[in-house]
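Structural overview
In case you want the letters, here they are:
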Amino acid sequence: MSFTQYKPARQRIQRCELAVPGSNPRMIEKAVTCAADYVFLDLEDAVAPDDKVQARKNIIAALNEHDWKGHGKTVSVRINGLDTHYMYRDVVDVVEQAGSKLDTILIPKVGTTGDVYMVDAMVTQIEEAKGLENRIGLEALIETALGMANVEAIATSSARLEAMHFGVADYAASNRARTVNIGGLNPDYPGDQWHAAISRMTVACRAYGLRPIDGPFGDFDDPDGYLLAARRAAALGCEGKWAIHPRQIELANEVFTPPEAEVTKAKRILEELEKAAKEGKGAASLDGKMIDAASARMAENIVRAAEAIAAKS
């Protein structure tokens, strides 16, 4: 390992993140008891301009009135973009009036480190002014060509930053990419056209201690397509995926929960390597295959994830 290492940001279970429009109080109320680990209340794309102010009021009321933590939820708010006049009031009103109940703020269309710096500065000042005891985390939505071009720098932009999300729809628009549906694959491309982008974001996250999260899959009537997209993201190292409809929640939980057989094998790997170490060996054999220190690190990741999920349940 390099002598230079970055400590992981605060770790949270984030297998599924349900997107909920702030303009719909009924949907917000239902989200409190859903099976998603994470809920983000949206002030941005899912809310029409004329509804922005009321949506902000709805979200503040929902944060204060509902027992999110009692239902095992991490709750986030997606603010409006820094290029809009809604953004500053989103941060000020939500953090001042409901900051003690808020876990993270999701910043959309992050393009440069300065975007995260600005929100960090605002949140820090409000926390100090209001005497808030909980430290609100930040999450960056990478969904533009500029954001992807700067993704490594963005990953180190703030000590508050916990995660980065891949926003496939706006990313496709930013790159003028031809796509069939949000998160779907274009049959003209020989493979997964989102592979390179998700992989680059995931590498930046893992290098600097953040959680990588895959974004939406637009066709909620296509569970097979969602599962395939989620499995591809998981294979690249993502910890979870958005749900834009409640029907997608269990699909995400299924993919991002380590299967029992996988956990059992991981534990066997650790046991065999522990035996080998006592015999002065750095490697061992399991089921006819060599295992070594790298195998142990992969196994430990699986076991830790399973234990964290079990503890939450």
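Figured I'd write up the structure that's included with this text.

Each value, and the rule that gives it
Residues numbered from 1 in each chain as written. Predicted model: local features only at pLDDT ≥ 70, side-chain atom pairs only at ≥ 80, totals over all residues. Heavy atoms only, no water. Salt bridge = Lys/Arg side-chain N within 4 Å of Asp/Glu carboxyl O. Helix = DSSP H or I, 4+ residues; strand = E, 2+ residues; numbered from the N terminus. Buried < 20%, exposed > 50% of the residue type's maximum accessible area, 1.4 Å probe, protein only. Core = buried A, V, L, I, M, F, W, Y, C linked by side-chain atoms within 4.5 Å. Contact = heavy atoms within 4.5 Å. Expected span 1.5 Å × (residues − 1). Pairing = 2+ DSSP bridges. Axes fitted to C-alpha atoms, helices over the stretch in contact; angles between N-to-C directions. Polar contact = N/O pair within 3.5 Å; in protein donor to acceptor, adjacent residues only side chain to side chain. Arc of directions from axis to C-beta.

**A few points about the pattern of salt bridges**
Oppositely charged side chains can pair when the atoms bearing their charge come close. According to the stated counting rule, one finds 23 salt bridges in the structure shown. For Asp103, the salt bridge is made with Lys69, and the minimal N-O distance between the two is 3.2 Å. Within this pair, whereas Asp103 is found in the loop between α3 (87-98) and β4 (104-107), its partner Lys69 is found in the loop between α2 (52-65) and β3 (74-78), the two being separated by 34 residues in sequence. A salt bridge links Glu139 to Arg211, with the shortest nitrogen-to-oxygen separation between them at 3.8 Å. You can see Glu139 sitting in strand β5 (residues 137-142) and its partner Arg211 sitting in strand β7 (residues 211-214), a full 72 residues away along the chain. Accessibility classification places Glu139 together with Arg211 in one group, the buried group. One salt-bridge network, held together by shared partners, links Asp42, Glu44, Asp45, Arg78, Lys109, Glu143 and Asp170.

**Considerations on the nonpolar core**
Grouped together as the largest cluster of nonpolar side chains are 71 residues, with contacts concentrated most on Leu41, Leu63, Trp68 and Met164. For this core, the leading source of residues is α3, giving 6 residues. Ignoring any residue separated from it by four or fewer positions in sequence, one finds Trp68 in contact with Ile28, Ala31, Val32, Val39, Leu41, Ala62, Leu63, Lys73 and Val75.

**A few points about the environment of Met290**
Among the secondary structure elements, Met290 is positioned in strand β10 (residues 289-291). The exposed category is assigned to Met290, whose relative accessible area is 60%. Beyond its immediate sequence surroundings of up to four residues, Met290 is in contact with Ala283, Ala284 and Ser295.

**Points about α2**
Helix length check: α2 (14 residues) gives 20 Å between terminal C-alpha atoms against 20 Å at 1.5 Å per residue, within 8%. Among all positions in α2, only Lys52, Ala55, Arg56, Asn58, Ile59, Ile60, Ala62 and Leu63 are buried. Those residues of α2 hidden inside the fold are in contact with α1 (25-31), β2 (38-42), β3 and α3.

**Observations regarding the environment of Ile269**
For Ile269, the location among the structural elements is in helix α11 (residues 260-278). The class for Ile269 is buried, based on a relative accessible area of 12%. Separated by 31 residues in the primary sequence, Ile269 and Glu300 have C-alpha atoms spaced 9.3 Å apart. Apart from residues no more than four positions distant in its own chain, Ile269 is found in contact with Leu286, Ile291, Ser295, Ala296 and Ala299.

**Some points on the pairing of strand β6 (residues 161-166)**
The buried fraction of β6 is high, at 6 of 6 residues. For β6 and β7, the ladder comprises 4 bridges, and the chain directions are parallel. Of the residues in β7, the one forming a bridge with Phe166 is Asp214.

**A closer look at the sheet that holds β3**
One closed barrel holds the 8 strands; their spatial order is β1-β2-β3-β4-β5-β6-β7-β8, and the pairing between them is parallel. Across the sheet, the mean angle from the axis of one strand to that of its neighbour is 25 degrees, orientation sign disregarded. Looking at chain direction, β5 and β6 are connected through 5 bridges and run parallel. By the bridge assignment, Glu139 is partnered in β6 with Ala163.

**Here's the deal with the environment of His165**
Take His165: it is sitting in strand β6. C-alpha of His165 to C-alpha of Ala283: the two residues are 118 residues apart in sequence and 37 Å apart in space. If near-sequence neighbours (up to four positions away) are discounted, His165 is found in contact with Gln14, Glu17, Leu106, Glu139, Ala140, Leu141, Ile142, Met201, Ile213 and Trp242. Here Glu139 takes part through its side chain, which lies 2.9 Å from a polar atom of the side chain of His165.

**Quick notes on the side chain of Asn80**
Counting through the fold element by element, Asn80 comes out in the loop between β3 and α3. A polar contact of 3.0 Å, which involves the side chain of Asn80, links it to the backbone oxygen of Leu43. At 2.8 Å, the side chain of Asn80 and the side chain of Asp90 are in polar contact.

**Focus: α11**
Taking 1.5 Å of rise per residue, 19 residues should cover 27 Å, and α11 covers 27 Å from first to last C-alpha, within 8% of that figure. Burial in α11 covers these residues: Val263, Ala266, Ile269, Leu273 and Ala276. The buried residues of α11 occupy one face: seen down the axis, they fall within an arc of 150 degrees. Those residues of α11 that are exposed and aimed more than 90 degrees away from the buried face are Glu260, Ala261 and Lys278. At its buried positions, α11 is contacted by β9 (284-286), β10 and α12 (293-312). Note on α11: the residue one or two positions beyond its end, Gly280, has a positive phi of about 80 degrees.

Treat this as a map of the structure, not an account of what it does.
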